[in-house]
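# Chain and residue survey
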Amino acid sequence: MTRVLLVEDDPDLALALRVLLTRAGYQAVHADNGRDALRLLFAERPGLMLLDIGLPGLDGWEVLERTRDMSDLPVLLLTARGAETDRVRGLRAGADDYLPKPYGNDELLARVEALLRRSAPTRWAGDSYGGDGLRLVPERRSAVWQGHEARLSDIEYRLLQVLVRNRGRVITTDQLLDRVWDDPEGTGRERVKFAVLRLRRKLRQAAGDEAADPLEAVRGLGYRYRAEGAAADDGGPAHHGSEGGVFGGGPEGDGPGGDGLEGDGLGGAGPEGNGPRRGGPGGGEGQGP
């Protein structure tokens, strides 16, 4: 029996929805505030969440954000805010569907059935992804790679999380700006390159220079996460440097052999390096002539 987490602060509506879900064959678990919702999310690990936005204290937007830090659980937003801006905000924040109030019971059940039908089994942060040695630890904003923990910034954690959830698929720079930085206009493209460089460096420092690189730059498209030792697919990876293994040579910005930016023909341009802004030739992904 599929467990559905219902997050609704209106007691009459919550009761009606619990009866509706139970009669439809689901196990309904109810929370009337955001904090209890997150606690039940950990304890119950439901198959789907029905989430009201207008909650007391921790509102639905915050619950959605923290849910996305923990899992790719299907989320259906239920709210009286039916404006297009609210629908767009909800979908961009990670909701899978949006149903404005008032709604019919049949439509609600149909949307629940559709979400469950097209959703893969829910993955939870803290679980190992694909047995390839990576584990996300949301409570510490860190990643365990090859048995070694790397502490990440919020941006680096969300970046890795988006790539991991789309394992094997190329995520474009514009998609990353939208999902990680909430920049749907794509006005800060350089920040993606620098964030990937910092993320790679932290994973390398944690696991050692000989560890495989789980992040792959695809020339002219974006980035992807792939399992250890997986072969590149049709997108084709940008070229890695010839020195220092799959991560390239020395740290970013230290001169020749650093992690470079795609297609610039120059070596490491790290934002935090000790050397010049751009290193010498060679070493960077997508190296030019």
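First, a word on what this report is: a plain description of the structure on this page.

Rules used throughout
Throughout this description, residue numbers start from 1 for each chain and increase along the sequence as written. Local features in this predicted model are restricted to residues whose pLDDT is 70 or higher, and side-chain atom pairs enter the listing and the counts only when it is 80 or higher, whereas totals over whole chains, interfaces and linings include all residues. Side-chain metrics in this entry use all non-hydrogen atoms of the structure; hydrogen atoms and water are not considered. Here, strands pair whenever DSSP counts at least two bridges between them. Under the DSSP-based scheme used, a helix requires at least four consecutive residues in state H or I and a strand at least two consecutive residues in state E, with every element numbered from the N terminus. It only takes one pair of heavy atoms within 4.5 Å for two residues to be counted as in contact. Helix axes are fitted only over the stretch in contact, all axes being lines through C-alpha atoms; the angle between N-to-C directions runs from 0 to 180 degrees. Only protein atoms enter the 1 Å grid used here, on which a cavity is any set of points holding a 1.4 Å probe that cannot leave and a pocket is any open set flanked by protein within 12 Å on both sides along at least five of seven lines; residues with an atom within 4 Å of a point are listed as lining. Grid points are joined across faces, edges and corners, and a volume is the space filled by probe spheres set on the points. Three labels apply to residues, based on accessible area from a 1.4 Å probe with only protein chains included: buried if under 20% of the type maximum, exposed if over 50%, partly exposed otherwise in between. The arc in question is the one spanned by the directions pointing from the helix axis to the C-beta atoms.

### Details of the sheet that holds strand β9 (residues 171–172)
- Across the sheet, which stays open at both edges, the three strands sit in the order β9-β11-β10 with antiparallel pairing between neighbours. Sheet topology places β9 and β10 (215–218) at the edges, where each strand pairs with a single neighbour.
- Examined bridge by bridge, β10 and strand β11 (residues 222–225) share four bridges and lie antiparallel to one another. The residue bridging Ala217 from the neighbouring strand is Tyr223, located in β11.
- The strands touched by helix α8 (residues 189–207) within the sheet are β10 and β11, with β10 carrying the most contacts at an inclination of about 150°.

### Section: the layout of surface pockets
- When its volume is computed, the largest pocket comes out at roughly 1000 Å³.
- Taken together, 29 residues line the largest pocket, and the ones lying closest to its centre are Arg68, Arg92, Ala93, Gly94 and Arg165.
- Every element with two or more residues in the lining of the largest pocket is listed here: α3 (60–70), α4 (84–92), α5 (105–118), α6 (154–165) and α7 (173–180).

### So, the sheet that holds strand β5 (residues 97–100)
- Spatially, five strands are ordered β2-β1-β3-β4-β5 in an open sheet, and the strand pairing comes out parallel. Both edges of this open sheet fall to β2 (27–31) and β5, since each of them pairs with a single strand only. Going from strand to strand, the sheet's axes swing by 20° on average, the running direction of each strand aside.
- Pairing of strand β4 (residues 75–79) with β5 involves four bridges; the strand directions are parallel. Along β5, the bridge assignment pairs Leu78 with Leu99.
- Helix α2 (residues 34–44) contacts β1 (3–7), β2 and β3 (48–52) of the sheet and is inclined by roughly 145° relative to β2.

### Considerations on α2
- Looking only at α2, the buried set comprises Gly34, Ala37, Leu38, Leu40 and Leu41. For α2, the angular spread of buried residues about the axis comes to 165°, placing them on one side. Exposed residues pointing more than 90 degrees away from the buried face of α2 are listed as Arg35, Phe42 and Ala43.
- Elements in contact with the buried residues of α2: β1, β2, β3 and α3.

Note that every value here comes from positions in space, so none of it alone points to a role or purpose.
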